[in-house]
Amino acid sequence: MNEQTQIALIGGGIMSFTLATILKELQPSLQIHIYEMLDDVGLESSMAWNNAGTGHQALCELNYTPRQKDGSINITKALKINQQFELSKEFWAYCVKNNLLDTPKSFINPLPHLSFVADSNVAFLKDRFEALRQSPFYKNMLFSQDKDQIAQWVPLVMRDRDPNQSVAATFIDSGSDVNFGAIVTQLKNNLTKQDGIDIFLSHKVTDLNQSSKGWELQITDTKNDIRKKVQADFVFLGAGGGAFPLLQKSGIPEGRGYGGFPVSGLWLVCNNKDLIDKHATKVYGKASVGDPPMSVPHLDSRIIDGKKELMFGPYAGFNTRFLKSGSLLDFPLSARWNNIIPMLQAGIDNIPLTAYLVRQVFLNKKGRVEKLEFYMPSAKEEDWDLKLAGQRVQIIKKNAQGRGFLEFGTEVVVSADKSLAAVLGASPGASISVDVILELLEKCFATQVSKNYDKLKEMIPSYKNTLEQNIAAFNTQRSKTAQALQMPFTEI
């Protein structure tokens, strides 16, 4: 079977559906095919149980504000991520107003974000608080070392805690819990009503090659055992960890040298309703000395499909799959002559990470509950069940000196002729999906962006604003977004 489309989006997650929705708003006549290898969309990294659901706005994530050698706190990354997530919220607000998404509470709910530390980390948290408070984005953040105050914010964190332990916390009530899987499903439901959109489930892209006619995709309809050839003018690889092997198969020079390092995850999920009802925040801590940033567990209240949940983790682990539904051969088969040296170099430089992941793999439930006890001293093993989280693939690439290193973040790779783009990496991932897609549009659809600049500004009012402009418009713009999404907002 042979098919043809203007745009082919590979992967049925938050990135593909954000791109499809924005493109159709800008140019309704576009023909777009979306291919998902599973039997529904949003089942991998976008699915609620496969991610933390934290609307990453750098409100509580301490790894976004490292201490420098001179003792100062670098808040540059925090400010950037804060604004990136605001773009996502602005886009979702537009979608709600225009009936592209359902009621806000079906996918985003207000939830305070809290950072909690003890002993030697108290000074760090206080310095971080003072640094962030210089920005209007954090003017409403509170800091306390008072145990009674912290107990009001997070009673389970303070229950049965050693009274002699020095503790500190920051609290901000403008945080959110996001169900990215719900956003994907709702965007899909809207897109299926539009002309020019075709969504193919149980369709696995096995190969792709470029010719004078564009990109030829080899696709298998796994449900009906039918093989297809699809011609596309533009291809987007937004399949989470599955984007990396497809990028390699594309053969574009820009994808050479990249490697992928898979990391699995595991949650402790609370089964005690009394405990679930008593906790109503997202609590992040600081990674232990020698542990990687990905190792920071968090005690999270969640709203998943209308039901309140409480989870702790994720505990990182290692297997060789690039997707939760992938193959154990994914990682070994990703080795190529152009990336094997960077991968080996990154491996040598990250031996402590490898050792950490091995320890996590062999950690039993009792050992996992012991880690939970730092955040919840009264934790009992019988109140918690184990549940698999999603797979993440961290980027391996060459640094400025040509040596392979492990990159924590999200990155867009684009071919020289702008006919193919891929999104690689993990956290903050879904939270900054709109910013990622805007970067892709600027690189690959510059003409459409230029012609439809006013429409983009209508959809995402802070698009192209400088930091200073966003600060000046803080009360006006953020209050509108908060009102549309039924989120709390306090003027500064």
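Treat the numbers as computed from the prediction; the structure is a model and nothing was measured.

## Overview of the pairing of strand β18 (residues 404-407)
Reasoning step 1: Along β18, the buried face is formed by Gly404 and Leu406; none of Phe405 and Glu407, which line the opposite face, is buried.
Reasoning step 2: Direction of pairing for strand β17 (residues 392-398) relative to β18: antiparallel, over a ladder of four bridges. Looking at β18, one finds that lysine 398 is bridged to glycine 404.
Reasoning step 3: Between β17 and β18, which follow one another and run antiparallel, lie five residues, and glycine 402 among them has a positive phi close to 85 degrees.

## A few points about a nonpolar patch on the surface
Reasoning step 1: Together, Phe318, Val358, Val361 and Phe362 make up a nonpolar patch on the protein surface, roughly 390 Å² of accessible area in all.
Reasoning step 2: Inspection of the secondary structure puts phenylalanine 318 in the loop between β15 (307-317) and α9 (330-333).
Reasoning step 3: Phenylalanine 318 gets classed as partly exposed once you look at its relative accessible area, which sits at 32%.

## Digging into the pattern of salt bridges
Reasoning step 1: Within this structure, the stated rule accounts for 18 salt bridges.
Reasoning step 2: As a salt-bridge pair, aspartate 274 and lysine 278 come within 2.7 Å of each other at their nearest N and O atoms. Placement of both aspartate 274 and lysine 278 in helix α8 (residues 273-278) is noted, with a separation of four residues, approximately one turn of the helix.
Reasoning step 3: One salt bridge in this structure joins glutamate 309 and lysine 307, with 3.9 Å as the shortest N-O distance.
Reasoning step 4: Residue glutamate 309 is classed as buried on the basis of its relative accessible area of 10%.
Reasoning step 5: Members of the salt-bridge network, linked through shared partners, are Asp177, Lys282, Asp300 and Arg302.

## Thoughts on helix α1 (residues 14-26)
Reasoning step 1: The terminal C-alpha atoms of α1, which comprises 13 residues, lie 18 Å apart, in line with the 18 Å expected from a rise of 1.5 Å per residue.
Reasoning step 2: The buried fraction of α1 is high, at 13 of 13 residues.

## Concerning the packing of aromatic side chains
Reasoning step 1: Counted by the stated rule, this structure contains 19 aromatic pairs.
Reasoning step 2: Judged by centre distance (5.0 Å) and plane angle (15 degrees), the ring pair of tyrosine 35 and phenylalanine 200 falls under stacked. With tyrosine 35 in strand β2 (residues 32-35) and phenylalanine 200 in strand β8 (residues 197-200), this pair connects stretches of sequence that are 165 residues apart. Each member of the pair tyrosine 35 and phenylalanine 200 is classed as buried.
Reasoning step 3: Centre to centre, the rings of phenylalanine 374 and tyrosine 375 are 5.0 Å apart; their planes meet at 90 degrees, and the pair counts as edge-to-face.
Reasoning step 4: On the basis of relative accessible area, phenylalanine 374 is assigned to the partly exposed category, the value being 31%.
Reasoning step 5: An aromatic cluster is present here, built from Phe116, Phe312, Tyr315, Phe374 and Tyr375 joined pairwise through their rings.

## Side note on the state of the cysteines
Reasoning step 1: A full pass over the atoms with the stated rule returns zero disulfides.
Reasoning step 2: Summary of cysteine pairing: cysteine 60 is not part of a disulfide, and the nearest cysteine sulfur, belonging to cysteine 270, is at 20 Å.

## Considering the side chain of serine 115
Reasoning step 1: Note that serine 115 resides in strand β4 (residues 113-118).
Reasoning step 2: Owing to a relative accessible area of 0%, serine 115 belongs among the buried residues under this scheme.
Reasoning step 3: Within the local environment of serine 115, its side chain forms a polar contact with the backbone oxygen of cysteine 60, the two atoms lying 2.9 Å apart.
Reasoning step 4: The contacts of serine 115, once residues within four sequence positions are left out, are Leu59, Cys60, Leu62, Leu125, Arg128, Ala168, Ala169, Thr170 and Tyr284.

## Some words on the packing of α1 against helix α6 (residues 180-191)
Reasoning step 1: Running from N to C, α1 and α6 cross one another at 40 degrees; their axes reach a closest spacing of 9 Å. Note that α1 runs across α6; the crossing there is left-handed. In this structure, α1 uses Ile14, Phe17, Thr18, Ala20, Thr21 and Lys24 to contact α6, whose residues at the interface are Phe180, Ile183, Val184, Leu187, Lys188 and Leu191.
Reasoning step 2: Across the contact of α1 with α6, the residue classes break down as eight nonpolar, two polar and two charged.

## Thoughts on helix α7 (residues 243-250)
Reasoning step 1: Taking burial as the measure, the eight residues of α7 include six buried ones, the bulk of the element.
Reasoning step 2: By the burial criterion, the buried members of α7 are Ala243, Phe244, Leu246, Leu247, Gln248 and Ser250.
Reasoning step 3: Of the residues one or two after α7, glycine 251 is the one with positive phi, at around 75 degrees.

What counts and what doesn't
Residues numbered from 1 in each chain as written. Predicted model: local features only at pLDDT ≥ 70, side-chain atom pairs only at ≥ 80, totals over all residues. Heavy atoms only, no water. Buried < 20%, exposed > 50% of the residue type's maximum accessible area, 1.4 Å probe, protein only. Helix = DSSP H or I, 4+ residues; strand = E, 2+ residues; numbered from the N terminus. Pairing = 2+ DSSP bridges. Patch = residues over 30% accessible without salt bridge, like charges linked within 9 Å, V, L, I, M, F, W, Y side chains within 5 Å. Areas by Shrake-Rupley, 256 points an atom, 1.4 Å probe, with all protein chains shown as cover. Salt bridge = Lys/Arg side-chain N within 4 Å of Asp/Glu carboxyl O. Expected span 1.5 Å × (residues − 1). Phe/Tyr/Trp six-rings, centres within 6.5 Å; stacked < 30°, edge-to-face > 60°. Disulfide = S-S within 2.5 Å. Polar contact = N/O pair within 3.5 Å; in protein donor to acceptor, adjacent residues only side chain to side chain. Contact = heavy atoms within 4.5 Å. Axes fitted to C-alpha atoms, helices over the stretch in contact; angles between N-to-C directions. Left-handed = near helix turned anticlockwise from the far one by under 90°. Nonpolar A, V, L, I, M, F, W, Y, C, P; charged D, E, K, R; others polar.

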